[in-house]
Protein chains: 4
Amino acid sequence: MDNSFGSIFRITSFGESHGELVGIIIDGVPAGLEFDLKFIQREIDRRKPGQSHLTTPRLEEEQVKVLSGVFENKTTGAPLCLIIENKDIDSSVYEKYRNFLRPSHIDYTALRKYRGFSDPRGSGRFSGRITAGFVMAGAIAKQILKKYEIMIFAYTKSIGNIIDKREYSLKEIKKSFELREKSLIGAIDQEKSKSMELLIETVKKQRDSIGGTIKCIVINFPVGKGGPIFNSIESNISKAIFAIPAIKAIEFGAGFKAAKMKGSEHNDPWIIKDGKVQTTKNDAGGIIGGISTGMPIEFTVAVKPTASIGILQKTVNIETKKNVEIEFSGRHDPCIVPRVIPVIEAMIANVLLDILLLEGFIPRVLKS
Amino acid sequence: MDNSFGSIFRITSFGESHGELVGIIIDGVPAGLEFDLKFIQREIDRRKPGQSHLTTPRLEEEQVKVLSGVFENKTTGAPLCLIIENKDIDSSVYEKYRNFLRPSHIDYTALRKYRGFSDPRGSGRFSGRITAGFVMAGAIAKQILKKYEIMIFAYTKSIGNIIDKREYSLKEIKKSFELREKSLIGAIDQEKSKSMELLIETVKKQRDSIGGTIKCIVINFPVGKGGPIFNSIESNISKAIFAIPAIKAIEFGAGFKAAKMKGSEHNDPWIIKDGKVQTTKNDAGGIIGGISTGMPIEFTVAVKPTASIGILQKTVNIETKKNVEIEFSGRHDPCIVPRVIPVIEAMIANVLLDILLLEGFIPRVLKS
Amino acid sequence: MDNSFGSIFRITSFGESHGELVGIIIDGVPAGLEFDLKFIQREIDRRKPGQSHLTTPRLEEEQVKVLSGVFENKTTGAPLCLIIENKDIDSSVYEKYRNFLRPSHIDYTALRKYRGFSDPRGSGRFSGRITAGFVMAGAIAKQILKKYEIMIFAYTKSIGNIIDKREYSLKEIKKSFELREKSLIGAIDQEKSKSMELLIETVKKQRDSIGGTIKCIVINFPVGKGGPIFNSIESNISKAIFAIPAIKAIEFGAGFKAAKMKGSEHNDPWIIKDGKVQTTKNDAGGIIGGISTGMPIEFTVAVKPTASIGILQKTVNIETKKNVEIEFSGRHDPCIVPRVIPVIEAMIANVLLDILLLEGFIPRVLKS
Amino acid sequence: MDNSFGSIFRITSFGESHGELVGIIIDGVPAGLEFDLKFIQREIDRRKPGQSHLTTPRLEEEQVKVLSGVFENKTTGAPLCLIIENKDIDSSVYEKYRNFLRPSHIDYTALRKYRGFSDPRGSGRFSGRITAGFVMAGAIAKQILKKYEIMIFAYTKSIGNIIDKREYSLKEIKKSFELREKSLIGAIDQEKSKSMELLIETVKKQRDSIGGTIKCIVINFPVGKGGPIFNSIESNISKAIFAIPAIKAIEFGAGFKAAKMKGSEHNDPWIIKDGKVQTTKNDAGGIIGGISTGMPIEFTVAVKPTASIGILQKTVNIETKKNVEIEFSGRHDPCIVPRVIPVIEAMIANVLLDILLLEGFIPRVLKS
């Protein structure tokens, strides 16, 4: 249960950061999908480290391999097993700091839960690297959703205090895929991007780290899917999103801003436009009563600053039970935000595909 | 699946706003719990309408009844069925507006999902009234958690732009139960409370509504519970919380603020204090790597303004497919925040008890 | 989890034999089903006691009530709550034998599991009466399946050593609904029925009880549903069937006979008949590789003799920890087989509908 | 869902008969278990083909590899991934018979479910080879159960009409592990074993196959585990057992014999013996009301004869839609019973461990 998610399209995560591999089992993949390894690889490459001077230099190639579920280059309806092997591993660091609890890191909580048995190398199961599995599954889900014109787009909305406050129109979003490519950090606004990059460089020099926010927009998700109570789209998305390390908040549509608004401001008026029922604005984030409105699904998440920093910190030596000050070293991302973007997209793809399979909107065998 | 939540302590919601009743089945209740109907009633009374001039005047008594799972006033290990009957029902309003889509209301999404078959009276399954079931279950969960000294406290942090920014110490929280009682709207700070009440009165006069935020704190939750990936405490809490109508955002610990922070600011230093490993501050909100740190679990949610307002709004006549302007009438809460507080507490109780049962921390039969 | 079953069409059982009621929550009922209370009542009446001199004389009326999920006499997509109240209760017996473990009864296992907290009156949650909930859910499922021409028929195949060995053809089965009505004990063959009735009367006079077998046949279940591994139709059916008290065995198709057969005998030859792929015989019971073949699904279950008998038995006084001999009194069925028939049918309806909803074969909203 | 089983100890099966590998993900493995690859290998070797002249000659080595979840030779609490690679593959046969539906084989049902996309090589996901994953998981489960003295023993009870009718005492079972080793086909009684072997040789010469039954006994399973309704031990066991290809029936304790018995014969008298509550016989198979009695859990399953035989059979050419007669060739087991024994044991270990974890009887981290 702990490592599985979904009802029909069900992913099961396994592997460790410095073990042999990181992988994902994907059950419930509709049969008959053309297997596009290149696309999965491209998605993985978006997440992998070492893409710019702003990320951790772990330089391994992350080559996706498929171990099951594909025959004559099509999915068979059987579970897919997708893996990437771990190669560029340096586990020396953890030995050095074994007795010291890294602040805001999982050393202490893992110790208490697993009583010393969890794999500490590279944070083991708690590593961001585990999310590579989510991305591989998401790449499969995205391909299926694309057949139904459903597209998912996430971008860096803020790094520290530098915020891209603009509300992009649907048209602008569709043009933004390219703009995002040009940004080293997954932003749309190229000027903001430069400022954000500069900020990251600065904290990097300080051996510090910085947080940020990511906005995600889903286009063409059909109306009338999801449901009230525990089947709400927000419930399903949030459960999945908080499985990603470093996420500490999520808001749908106007989110926390809604808490400051009056009903007369917040309510999205219905309108007939192009013969379709729509809303004139989208403070609901495309979801009312847990059900999709047919407007874009929109949400924003907060990514905390990387806990690993190279600055003197107060902490505890768990062996001696003494308070100490210590400077941890080791490679890390000064800002994890850009690398979380494809993970957010992947997770939302996994969630939404599962909903559409459960509702019978997408069939269990794809039409050729 | 849609109406059930939890693994061992599993609640199943049923009933409609204007049907016969609203109820909850609670499976997995440990055997041997003294059944305290009065406490459940008290919790329900905290949520019920008509408690002050600031809430909707639906004036019915909400009397909790137990239909199964109790023998000689103790829980038996069998599923509990708890209900409240619906009495003060006026469904005339929905007839009047049947063809008009209330903005930010479930009329359109329900129509598209259920194709006209869903119960529209008083919003049926989408009504806030459904949460009475969550509260009854939560009252059971709270009693069990209390045996392990685990306490849950939520309060109104903001209404509109009036915000109680104070970070209360653990000591202060323990004293705040009484203060909250004194406030008409579930706030701690009595001065802020007055301003918030005034604001609600003002929007009420305007036939408008207003949103707000609720902060929830869990004290004495044991360290080392929860897990990484899909078993994270944040995943479980958020899935449950977004089952509550009107919630549009959640943040744990520093939440969105974390996105603006450097690692050196955000990291919570570990310290040995009173012989125990603790942190000097709690920006993590008591959860690292999805696992409890032993510090208080803290999160804040955004409640959107009530969608039902008595002001002229643009919308659509779904029968004629025409754009129209219309003023909806009918009783409603100008601000739902105070009544959501016990629902938040209840849901978190349900979630946390389930985690502790799954981990074997709390046994399936209570010691007498 | 303990009291719920199914993925989309999900039933949750509650209530006790001598408590206020026995009920069932049915989640995932497709919206738009005409609610036919009379049919549900008829199904319940098939299971209720006191129908002939061969069953227990508990003479209460079992009146089905619907508490939620129906609006304007159609299902709404919300969970249905169906109940029957308990009226003709006599719990004096359990008091009398409180310290004595009835052989092959749940006294000891319940004691050990719930440590004395379970409701002992009328066997509480362990009573056959709980299956009334399954029957009510099954009545809903049957109505939906019927729209797809899927019919379920179970009958008494044997009582004690009196066995109806005949393999009925599909045509004969279709005619057998009426024949079964004529039999006091749910048999098809009227002569065998008389012998079986006589046997039951004989054991009844001896204050003893007798077991039997029930065969169940599903007609028109579509080909290609179910799946290998844990989604096999056999897995799903058997899990559901063993939730019925007194069932101790199940076999599909040739079942245990298959263990004595050669492949050349057991294999069902494929044949094109009426333009359709069929098999010339059906030792597979309509399921190969966990998937439906399009032939009738056939299985047989063993029902053990009622544990409650009025004959001197050896057992233990659990308080004094002494071996004793004791004669239990109290009303009971000399043979529970006839009353289990509608329960089997109901359970299989619940299982098969869930499979067809999961595969998208039956939609979530029915066409009017 | 389709390929996963269990609540806490949760296995997820993947891989194909003639793909790269067959594997299993095991979530919920308690942390701190000494990882004993040799034991897992021994269990796999019990299932693998080519052990005697009576099984299929697929001669590959089946080498177990662990890919995740182990650190410093102990389980970490993370999911284990165990695999065996496929080497000795000959998929030429399926090409030859592509258009012919093998009788009682999955050709037709798989075709209808997956519409031609499923992997046909060596029966793909439907192959008995998939059960190697169950065996690897079971080997882990067995090791944990063994710490609590719980032992699982299955043996060949019958092949065709040759039946070992003896009811072995607990003492005899404990001595039977060695006897079973001596038998080529997993029987206890050495004379019966010889007759069974002869029978298998005979059908082999006839290019035919033969079915049989396996009896399984669980010793020292604690009293008071499991539950009524959907959590019954029978429900959980049967769901798991029917995931094994070729199983067509299961009976607990007296099983189908119970259907012929009177209550006075079938009821197991309680007795105080060695200071413990026991029964003088065990027709209940160690389970009453779905809950363990503390007596051995006993059940018997029917294994159908291998569908693959080398004899002329009537069937259909699915392309031409014509009835044909055809003789299929290809290597196969004349009797699969002996190789199913370790699979049964493994599955029951998986099920029972999950129950004991859910009840908190076995902790999530093992004591060192």
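Please refer to the structure higher up on the page.
Small disclaimer: the values here were computed from a predicted structure and weren't measured. Each chain carries its own residue numbering, running from 1 in the direction its sequence is written. Both sets of labels track the order of writing: A upward for chains, 1 upward for ligands. With pLDDT at 70 or above as the cut-off, local features in this predicted model cover only qualifying residues; side-chain atom pairs require 80 or more to be listed or tallied, and sums for whole chains, interfaces and linings still use all residues. Water and hydrogen atoms were dropped before computing side-chain values, which therefore reflect all heavy atoms in the structure.

Here we come to the relation of the copies chain A and chain B. When the copies are superposed, the least-squares fit takes in the C-alpha atoms of residues with a pLDDT of at least 70 in both. Overlaying chain A with chain B gives an RMSD of 0.0 Å, the required rotation being 180° about an axis along which the chain moves by 0.0 Å. Here the two chains are linked by the operation of a two-fold rotation axis. An overlap of 99% is found between the interface residues of chain A and their copies at the interface of chain B, pointing to a shared contact surface. The contact definition used throughout considers only heavy atoms, calling two residues in contact when any of these lie within 4.5 Å.

A word on the interface of chain A and chain B. Every contact between the two is made by 102 residues of chain A and, on the other side, 101 residues of chain B. Summed over both sides, the interface of chain A with chain B buries roughly 7,900 Å², with 64% coming from carbon and sulfur. Area buried by chain A at its contact with chain B is led by Phe230, Lys248 and Trp270 of chain A, which between them contribute 12% of it. A carboxyl oxygen of Asp or Glu within 4 Å of a side-chain nitrogen of Lys or Arg is what we treat as a salt bridge. Between the two partners, chain A and chain B, sit 4 salt bridges. Of the charged contacts, one joins Lys248 of chain A and Glu234 of chain B as a salt bridge, the two residues approaching to 3.3 Å between their closest N and O atoms. Throughout this description, a polar contact denotes any pair of N or O atoms lying within 3.5 Å of each other; where both atoms belong to protein, one of them has to be capable of donating a hydrogen while the other can accept it, and for residues adjacent in sequence the pair is counted only when both atoms sit in side chains. Where chain A meets chain B, there are 52 residue pairs in polar contact (both at pLDDT 80 or more). Put simply, DSSP marks the helices as runs of H or I at least four residues long and the strands as runs of E at least two long, and each gets a number from the N terminus on. By residue number, the principal contributor to the side of chain A that touches chain B is helix α3 (residues 107-114) of chain A, which donates 6 residues. Residues belonging to the side of chain A that touches chain B are distributed by class as follows: 49 nonpolar, 35 polar and 18 charged. Any two strands with at least two DSSP-identified bridges between them are counted as paired. Here strand β11 (residues 247-252) of chain A pairs with strand β11 (residues 247-252) of chain B via 3 bridges, running antiparallel. Considered in β11 of chain B, the bridge of Ile250 of chain A is made with Ile250 of chain B. A 1.4 Å probe defines the accessible area here, and the buried area is the portion of it lost by two parts on being joined, summed over both. Put simply, Ala, Val, Leu, Ile, Met, Phe, Trp, Tyr, Cys and Pro go in the nonpolar bin, Asp, Glu, Lys and Arg in the charged bin, and everything else, Gly too, in the polar bin.

Between chain B and chain C, the contact holds 46 residues from the first and 45 residues from the second. When chain B packs against chain C, the two sides together hide about 3,400 Å² of surface, and 59% of this comes from carbon and sulfur. On the chain B side of the contact with chain C, Leu67, Phe71 and Phe117 of chain B bury the most area, a combined 20% of that side's loss. Applying the counting criterion to the chain B and chain C interface returns 4 salt bridges.

Another aspect to go through is the pairing of strand β10 (residues 212-219) of chain A. When a strand is regular, its side chains alternate between the sheet's two faces. Residue and element names in this part refer to chain A. Here the term buried applies to any residue with accessible area under 20% of the maximum for its type, exposed to any over 50%, and partly exposed to those in between, with areas from a 1.4 Å probe on protein chains only. Counting buried residues in β10 gives 8 out of 8 residues, a clear majority hidden from the surface. Where burial is concerned, the two faces of β10 agree: the one with Gly212, Ile214, Cys216 and Val218 and the one with Thr213, Lys215, Ile217 and Ile219 are both buried. In terms of strand pairing, strand β8 (residues 151-159) meets β10 through 8 bridges, oriented antiparallel. Note that in β10 the partner of Phe153 across the bridge is Ile217. The pairing of β10 with strand β16 (residues 297-303) spans 7 bridges and is antiparallel. Within β16, the residue paired with Thr213 across the bridge is Ala302.

Here Lys239 of chain A is to be found in helix α7 (residues 233-241). Note that His is not counted, nor are the chain ends; the positive residues are Lys and Arg, and the negative ones are Asp and Glu. Buried and unpaired, Lys239 of chain A has no salt bridge, with Asp2 of chain A as the nearest side chain of opposite charge at 8.4 Å. Here the side chain of Lys239 of chain A touches Phe230 of chain B through a polar contact of 2.9 Å, landing on its backbone oxygen. The contacts of Lys239 of chain A, once residues within four sequence positions are left out, are Phe5 of chain A together with Phe230, Ser235, Asn236, Ser238 and Lys239 of chain B.

Moving on, we come to the packing of aromatic side chains. Ring geometry is summarised as follows: Phe, Tyr and Trp rings, the Trp one being its six-membered ring, pair when their centres sit within 6.5 Å, and such pairs are stacked at plane angles under 30 degrees, edge-to-face over 60 and tilted between the two. Within this structure, the stated rule accounts for 46 aromatic pairs over all chains. Here Tyr97 of chain C and Phe328 of chain C contribute two aromatic rings whose centre-to-centre distance is 4.9 Å and whose plane-to-plane angle is 65°, an arrangement assigned as edge-to-face. On the criterion of sequence distance, the pair formed by Tyr97 of chain C in the loop between α2 (92-96) and α3 (107-114) and Phe328 of chain C in the loop between β18 (322-327) and α9 (337-358) is long-range, its members being 231 residues apart. Residue Phe328 of chain C is classed as buried on the basis of its relative accessible area, which comes to 5%. An aromatic cluster is built from Phe153, Tyr155, Tyr168 and Phe177 of chain A, whose rings are joined through pairwise contacts. One cation-aromatic arrangement involves Lys113 of chain B over Tyr114 of chain B; the distance from NZ or CZ to the ring centre is 5.7 Å. Placement of a charge over a ring requires the Lys NZ or Arg CZ to be within 6 Å of the ring centre, with the centre-to-atom vector within 35 degrees of the ring normal.

We now examine the sheet that holds strand β11 (residues 247-252) of chain C. Strands sit in the order β9(C)-β8(C)-β10(C)-β16(C)-β11(C)-β11(D)-β16(D)-β10(D)-β8(D)-β9(D) across an open sheet of 10 strands; the sheet is antiparallel. The outermost strands of the open sheet, each flanked by one partner alone, are β9 (162-163) of chain C together with β9 (162-163) of chain D. Simply put, an axis is a line fit to the C-alpha atoms, just over the touching stretch for a helix, and the angle between two N-to-C directions goes from 0 to 180 degrees. Set on the sheet, helix α6 (residues 190-205) of chain D makes contact with β8 (151-159) and β9 of chain D; between it and β8 of chain D the angle comes to about 60°. Together, β11 of chain C together with β11 (247-252) and β16 (297-303) of chain D form the strand contacts of helix α7 (residues 233-241) of chain D, whose direction differs from that of β11 of chain D by roughly 160°.

Strand pairing in a sheet relies on backbone hydrogen bonds. The paired strands run either parallel or antiparallel. Pairing within the open sheet is antiparallel, and its 10 strands lie in the order β9(A)-β8(A)-β10(A)-β16(A)-β11(A)-β11(B)-β16(B)-β10(B)-β8(B)-β9(B). Taken across any chain shown, the strands that pair with only one partner, and hence form the sheet edges, are β9 (162-163) of chain A together with β9 (162-163) of chain B. Relative to β8 of chain A, helix α6 (residues 190-205) of chain A is tilted by about 60°, and along the sheet it contacts β8 and β9 of chain A. Its contacts with the sheet put α7 of chain A on β11 and β16 of chain A together with β11 of chain B, and the angle it makes with β11 of chain A is roughly 160°.

A few words now on the pairing of strand β2 (residues 10-15) of chain C. All names here are of chain C. Most of β2 sits inside the fold, with 6 of its 6 residues counted as buried. Here strand β1 (residues 4-5) pairs with β2 via 2 bridges, running antiparallel. Directly across from Phe5, in β2, lies its bridge partner Ile11. Linking two consecutive strands that pair antiparallel, namely β1 and β2, is a turn of 4 residues; a positive phi of about 110° is found at Gly6 within it. Between β2 and strand β3 (residues 21-27), which pair antiparallel in sequence order, lie 5 residues.

A word on the pattern of salt bridges. Taken as a whole, this structure holds 88 salt bridges over all chains when the rule is applied. A salt bridge links Lys142 of chain A to Glu345 of chain A; the shortest N-O distance between them is 2.6 Å. Here Lys142 of chain A is found in helix α4 (residues 131-147), whereas its partner Glu345 of chain A is found in helix α9 (residues 337-358), with 203 residues between them in sequence. Across the pair, exposure class does not vary: Lys142 of chain A and Glu345 of chain A are buried alike. Asp2 of chain D is the partner of Arg364 of chain A in a salt bridge, and the nearest nitrogen-oxygen pair spans 3.7 Å. Taken as a pair, Arg364 of chain A in the segment after α9 and Asp2 of chain D in the segment before β1 (4-5) lie in two separate chains rather than in one. On the accessibility criterion, Arg364 of chain A (22% relative accessible area) is partly exposed. Each member of the salt-bridge network shares a partner with another, and the members are Glu43, Arg46, Lys142, Arg180 and Glu345 of chain A.

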